[in-house]
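# Chain and residue survey
Below, each chain spelled out in residue letters.
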Amino acid sequence: MRKSISLLVFCLIFICSQMTALGYNEDDLRKLKETKKCTGGAFSNCNLEGASLIDLDLNGADLSGAQMKGVKIERTNLSNANLAGADMTGSRLRLVDFRGARLNELNMQGCMLLFVDFTAADLEEAFLQGATMKGISFRQSNLTDVILDDIDLKLVDFTGARGLKENPCEKGSLGMCK
């Protein structure tokens, strides 16, 4: 009986200590807002899972490799930012500016994207399967090897985008690359 209680206490302590890993790290969020950097070094990445990034100017921010699952981002400037290799699975983005951003290998599977501007962004090998997209601009973007499966692209502008076909998409390429 005593061993069972000890084991139960140990398990509860372990579970409680791991619960902070399920949400974002306050220090990472503060660091991002103050320095526009949140990479966590060579062996650990920034943890912003479930955080809200609203009304921020993060132009040029370094979020490469960041853990951003379930993040809510609204009215935020991430132009020229580096989110290469970041994981934003299941996040919600509205009125976000990614113009000129480095987004290679970004995971946005199942994201809700409303009025997001990816103009001239590098999305090579990004994963956007199952994302909901309305009012999206991929103008002049690099879309080489991007996964766009299971997406309604009717309200997506591909004008000048590269990588979907041999030549850049023509002007007026709404919903598909012409």
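Here, the structure is the one placed above.
A tally of regular secondary structure across the protein gives two helices and seven strands. Across the protein, helices and strands are ordered from the amino to the carboxyl terminus as α-α-β-β-β-β-β-β-β. Looking at the protein as a whole, 39% of its 178 residues are labelled buried. For the protein, long-range pairs separated by at least 24 residues make up 5% of all intrachain contacts whose partners lie at least 6 apart in sequence. For the protein, the exposed surface amounts to about 9,700 Å²; the carbon and sulfur share of it is 53%.

Take the environment of Leu113 next. Along the chain, the position of Leu113 falls in strand S4 (residues 112-114). For Leu113, a relative accessible area of 0% corresponds to the buried category. With 23 residues separating them in the primary sequence, Leu113 and Ile136 have C-alpha atoms 7.5 Å apart. Once residues lying within four places of it in the same chain are set aside, the contact partners of Leu113 are Leu93, Met108, Phe118, Leu128, Ala131, Thr132, Met133, Lys134 and Ile136.

This part is about the pattern of salt bridges. Scanning the model with the defined rule gives nine salt bridges in all. The closest approach of N and O atoms between Asp55 and Arg75, which form a salt bridge, is 2.7 Å. You can see Asp55 sitting in the loop between strand S1 (52-54) and strand S2 (72-77) and its partner Arg75 sitting in strand S2, a full 20 residues away along the chain. On the accessibility criterion, Arg75 (37% relative accessible area) is partly exposed. Where Arg99 meets Asp117, a salt bridge forms, and the shortest distance between an N and an O atom there is 3.9 Å. Of the two residues, Arg99 sits in the loop between strand S3 (92-97) and S4 while Asp117 sits in the loop between S4 and strand S5 (132-134), which places them 18 residues apart along the sequence. Asp117 sits in the partly exposed class, given a relative accessible area of 22%. Look at the salt bridges and you will find they share partners, linking Asp55, Lys72, Glu74, Arg75 and Arg94 into a network.

If you trace the five strands from one edge of the open sheet to the other, you get S1-S2-S3-S4-S5, paired in parallel fashion. The open sheet has two free edges, formed respectively by S1 and S5, since each of these has just one partner strand. The mean angle between the axes of side-by-side strands here comes to 15°, regardless of whether they run parallel or antiparallel. With three bridges connecting them, S4 and S5 associate as parallel partners. Paired with Leu114 across the two strands is Lys134, which belongs to S5.

Another aspect to go through is the pairing of S2. As defined by bridge partners, S1 adjoins S2 across three bridges and the pair is classed as parallel. For Ile54, the partnering residue across the bridge sits in S2 and is Glu74.

Cut-offs used in this document
Residues numbered from 1 in each chain as written. Predicted model: local features only at pLDDT ≥ 70, side-chain atom pairs only at ≥ 80, totals over all residues. Heavy atoms only, no water. Helix = DSSP H or I, 4+ residues; strand = E, 2+ residues; numbered from the N terminus. Buried < 20%, exposed > 50% of the residue type's maximum accessible area, 1.4 Å probe, protein only. Contact = heavy atoms within 4.5 Å. Areas by Shrake-Rupley, 256 points an atom, 1.4 Å probe, with all protein chains shown as cover. Salt bridge = Lys/Arg side-chain N within 4 Å of Asp/Glu carboxyl O. Pairing = 2+ DSSP bridges. Axes fitted to C-alpha atoms, helices over the stretch in contact; angles between N-to-C directions.

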